[in-house]
Structures are given as C-alpha cells and as structure tokens.
Amino acid sequence: KDTENITMQIDDNIVKFNSVEQLIDSFIPLRVNWYGKRIKYLIDEQEEKLRELMEKKSFITYVLNNFDDFKKYTKKQLASLIDDELKITNKNIINMPLHSITKDQVTELNAAITKCKSKIAELKNVNIIELYVEELLELRAFAATAESSL
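Residues numbered from 1 in each chain as written. Predicted model: local features only at pLDDT ≥ 70, side-chain atom pairs only at ≥ 80, totals over all residues. Heavy atoms only, no water.

## Topic: the packing of aromatic side chains
Defined as follows: Two aromatic rings, drawn from Phe, Tyr or Trp (for Trp, its six-membered ring), form a pair once their centres lie within 6.5 Å of each other, and the interplanar angle then sorts them: stacked below 30 degrees, edge-to-face above 60, tilted otherwise. We count a charge as sitting over a ring when the NZ of a lysine or the CZ of an arginine lies within 6 Å of the ring centre and within 35 degrees of the ring normal.
Applying the stated criterion to the full structure yields 1 aromatic pair. Between the NZ or CZ atom of Lys37 and the centre of the ring of Trp34, over which it lies, the distance is 4.5 Å. Its end group placed over the ring of Tyr35, Arg38 keeps NZ or CZ at 5.2 Å from the ring centre.

## What about a nonpolar patch on the surface?
The condition that has to hold: A patch is a set of surface residues, each over 30% in relative accessible area and not in a salt bridge, joined within 9 Å for like charges and within 5 Å for the nonpolar side chains Val, Leu, Ile, Met, Phe, Trp and Tyr. Surface exposure here means Shrake-Rupley accessible area, sampled with a 1.4 Å probe, where a residue is shielded only by the protein chains that are shown. Criterion for a salt bridge: a side-chain nitrogen of Lys or Arg within 4 Å of a carboxyl oxygen of Asp or Glu. Runs of E in the DSSP output that reach at least two residues are strands. Runs of H or I that reach at least four are helices, and both are numbered from the N terminus. Summary of the burial criterion: residues with accessible area below 20% of their type's maximum are buried, those above 50% are exposed, and those between are partly exposed, where the area comes from a 1.4 Å probe applied to protein chains only.
A surface patch of nonpolar side chains, amounting to about 300 Å² of accessible area, comprises Val20, Ile24, Phe27 and Ile28. Along the chain, the position of Ile24 falls in helix H1 (residues 20-65). In this structure Ile24 comes out as partly exposed when scored by relative accessible area, which is 40%.

## Considerations on the pattern of salt bridges
For the structure on display, the rule yields 6 salt bridges. For Asp44, the salt bridge identified is with Lys40, shortest N-O distance 2.8 Å. Placement of the pair is Asp44 and Lys40 together in helix H1, with a separation of 4 residues, close to one helical turn. In this structure, the salt-bridge partner of Arg51 is Glu48, at a minimum N-O distance of 2.2 Å.

## A word on the packing of H1 against helix H5 (residues 128-148)
If you want to describe how two helices pack, look at the angle between their axes and the distance between the axes. Inclusion rule: Fitting a line to C-alpha atoms yields each axis, with helices limited to the stretch in contact; the angle taken between N-to-C directions then spans 0 to 180 degrees. Put simply, angles under 35 degrees are roughly parallel, angles over 145 are roughly antiparallel, angles from 65 to 115 are roughly perpendicular, and the rest are oblique. Whether two residues are in contact is decided by their heavy atoms: any pair within 4.5 Å suffices. Classes in brief: Ala, Val, Leu, Ile, Met, Phe, Trp, Tyr, Cys and Pro nonpolar; Asp, Glu, Lys and Arg charged; the others, Gly included, polar.
Running from N to C, H1 and H5 point in directions that differ by 110°, and their axes come no closer than 9 Å. Of the possible angle classes, the one that applies to H1 and H5 is roughly perpendicular. Of H5, the residues touching H1 (which contributes Phe27, Ile28, Arg31, Val32, Tyr35, Gly36, Arg38 and Ile39) are Ile128, Ile129, Leu131, Tyr132 and Glu135. Residue composition of the contact of H1 with H5, grouped by class: 9 nonpolar, 1 polar and 3 charged.

Next up, the structure:
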C-alpha cells in the first residue's frame, strides 16, 4: 500500500501523514471534539425547548388562575404582565388560541417538561468517547450487512 501521500485537511491546513496510524491518531481527537459540539448543540436545543414549554405553562396557569382579572387587561397591561411579572420572552404566546388554555394543556406541558428535563440530564451524562465507539461499531455492523447483501 502507498502510505507516503496520506493527507487530510485540519483547521484549513493540509496535513501530510507518513502512516495510516498517524492519520488515525490525528483524526480521532478531531472527531471526538465534533461529537462534543454535537452534544452541546443538542443540550442547548433541549434547554431552549424547556424554556418555551415552561413559559407556555406559566402563561396558561396564570390565565386559568386569574381569568376574571385577565379579561380586564389592556394590551399594554398584558404586555407588561408578560414582560415584567411572568418574564416570558416569547411574545407570540399572547396569540395562543383560547382552546389551548386549559388544565388539560397544563397536564400535557408538565409531561413534556418532565420528558425534556430527562433528555437534558441524559445528554449531560453522555460519555462522548463511548458514544463515538458505539457509533463506529454500529457503522461497522451496517457496512458488514450492506456488504453481505451485495
């Protein structure tokens, strides 16, 4: 095998390797770093979803508990309530259809919040190297299956 011309682009640089082993030794840390970024992205995505779910629940709960007062608010007072008291960042929450402001919806949101928190905890406990190895093994099994079906 010709191992004198093994190259790979690393951080906008072309790097020449003298052996396959050298290439692998350089590639694995890069790949593991990308896995870390992927996990962080997924955690951030779930935390944003959790924030939205909690804001929605907070708004619905407030409306249900203060319905008589709520109908007296002007648009400006409602905006102030959302910003100052409820600390809701999603300003479109005020456009929520009335049929979704129910105790059933609060129950569904509680379940979604629990699921989201669980997913965040699961992602935070991921061992990135174990995940990488696990996915490599899955890829090997898939390749073997694909090869045998040819």
